[in-house]
Amino acid sequence: PGDYGWDTMGLSADPKTFEAMRSAELMHGRWAMLGTVGCLYPEILTKYGGGNYPVWFKAGAQIFADEGINYAENPNLIHAKSAIAVLACQVILMSFSEAYRVRGGPLGEGLDLLHPGGPLVDPLGLADDPEDFKELKVKEIKNGRLAMVAMLGFYVQAIATGKGPLDNWAEHIKDPYGVNGLTSLVATQYVPSAPTL
């Protein structure tokens, strides 16, 4: 899905390489879609929900502070003080989830590993109709590609301005000619540095 024949480097010439690239693109797209929401959500909660959350690119450094990271500012939910423990949990959880995806899990053998369907993956039955499923696959890859480009923009904005995407967007809306991608083209105004303890 989402293939319109544009392959100037011939990456799809070998079917095995094409399948690996397709799988990688879809996985990266899914993570990018989650990442864009994860970058925007704390900033939206801070601006409009009364929260006090750091910008996405500074959030991880909180683990090195004395109080650690508290999910939703509540130490009773998720309280993390050790980067090693967080990394270990992520590796373990991702290992199980990837093993589940690759082996098919309890959904059975012979399923499409990228779009397994079934009650655990598609509880609302959105992909029950083959035509709708085909359209959803195209929408997913297109939105994933857009999210990957959006994440690249978030990275560049963070380095160039030291602000989150919502703040950058609000400043651009106020002054579209004075605040845009070309105003910070020559030099960055912010360079991330190690936190002082």
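None of the values given here were measured: they were computed from a predicted structure.

J.: Please set out the environment of Ala83 residue by residue, giving values where relevant.
T.: With respect to the helices and strands, the residue Ala83 is situated in helix H3 (residues 83-103). When the C-alpha atoms of Ala83 and Ala61 are compared, they prove to be 9.6 Å apart, with 22 residues separating the residues in sequence. For Ala83, the residues in contact, after removing those within four places along its chain, are Ile63 and Phe64.

J.: How would you explain a negative patch on the surface if you had to name every residue and give the values?
T.: A cluster of acidic side chains, namely Asp128, Asp129, Glu131 and Asp132, defines a negative patch on the protein surface. Relative to the assigned elements, Asp128 resides in the loop between helix H4 (118-121) and helix H5 (130-161). A relative accessible area of 64% places Asp128 in the exposed class.

J.: Before we move on, could you go through the packing of helix H1 (residues 15-48) against H5 and cite the residues and values that matter?
T.: At a closest axis distance of 7 Å, the pairing of H1 and H5 adopts a crossing angle of 55°. The pairing of H1 with H5 is recorded here as oblique in orientation. For the element pair H1 and H5, the recorded crossing hand is left-handed. Between H1 and H5, the residues in contact are Glu25, Leu26, His28, Gly29, Arg30, Ala32, Met33, Gly35, Thr36, Cys39 and Leu40 and Glu140, Ile141, Asn143, Gly144, Arg145, Ala147, Met148, Ala150, Met151 and Phe154, respectively. Of the residues that constitute the contact of H1 with H5, the class distribution is 11 nonpolar, 6 polar and 4 charged.

J.: Can you explain the nonpolar core? Please cite residues and give values.
T.: Ala32, Cys39, Ala147, Met151 and Phe154 together form the largest nonpolar core, which totals 5 residues. Contributing elements (two or more residues each) for this core: H1 and H5. With 3 residues, the top contributor of residues to this core is H5. Those residues in contact with Phe154, other than ones at most four positions away along the chain, are Thr36, Cys39, Leu40, Trp56 and Pro165.

J.: Break down a nonpolar patch on the surface for me, citing the residues and quoting the values.
T.: A surface patch of nonpolar side chains, about 320 Å² in accessible area, is lined by Met9, Leu11 and Met21. Note on placement: Met21 falls in helix H1. Taking the relative accessible area as the measure of exposure, Met21 reaches 40% and is therefore partly exposed.

J.: A description of H5 should follow, citing residues and the corresponding values.
T.: Compared with an ideal rise of 1.5 Å per residue, which puts 32 residues at 46 Å, H5 spans 46 Å between its outermost C-alpha atoms and is within 8% of the ideal. Among the residues of H5, those classed as buried are Lys137, Glu140, Ile141, Gly144, Ala147, Met151, Phe154, Ala158 and Ala160. Looking at the buried side of H5, the elements it contacts are H1, helix H2 (56-59) and helix H6 (165-174). Of the residues trailing H5, Gly162 is marked for its positive phi of about 75°.

Rules of the game
- Residues numbered from 1 in each chain as written.
- Predicted model: local features only at pLDDT ≥ 70, side-chain atom pairs only at ≥ 80, totals over all residues.
- Heavy atoms only, no water.
- Helix = DSSP H or I, 4+ residues; strand = E, 2+ residues; numbered from the N terminus.
- Contact = heavy atoms within 4.5 Å.
- Patch = residues over 30% accessible without salt bridge, like charges linked within 9 Å, V, L, I, M, F, W, Y side chains within 5 Å.
- Areas by Shrake-Rupley, 256 points an atom, 1.4 Å probe, with all protein chains shown as cover.
- Salt bridge = Lys/Arg side-chain N within 4 Å of Asp/Glu carboxyl O.
- Lys, Arg positive; Asp, Glu negative; His and termini not counted.
- Charge placed at Lys NZ, Arg CZ, Asp CG, Glu CD.
- Buried < 20%, exposed > 50% of the residue type's maximum accessible area, 1.4 Å probe, protein only.
- Axes fitted to C-alpha atoms, helices over the stretch in contact; angles between N-to-C directions.
- Parallel < 35°, antiparallel > 145°, perpendicular 65-115°, else oblique.
- Left-handed = near helix turned anticlockwise from the far one by under 90°.
- Nonpolar A, V, L, I, M, F, W, Y, C, P; charged D, E, K, R; others polar.
- Core = buried A, V, L, I, M, F, W, Y, C linked by side-chain atoms within 4.5 Å.
- Expected span 1.5 Å × (residues − 1).

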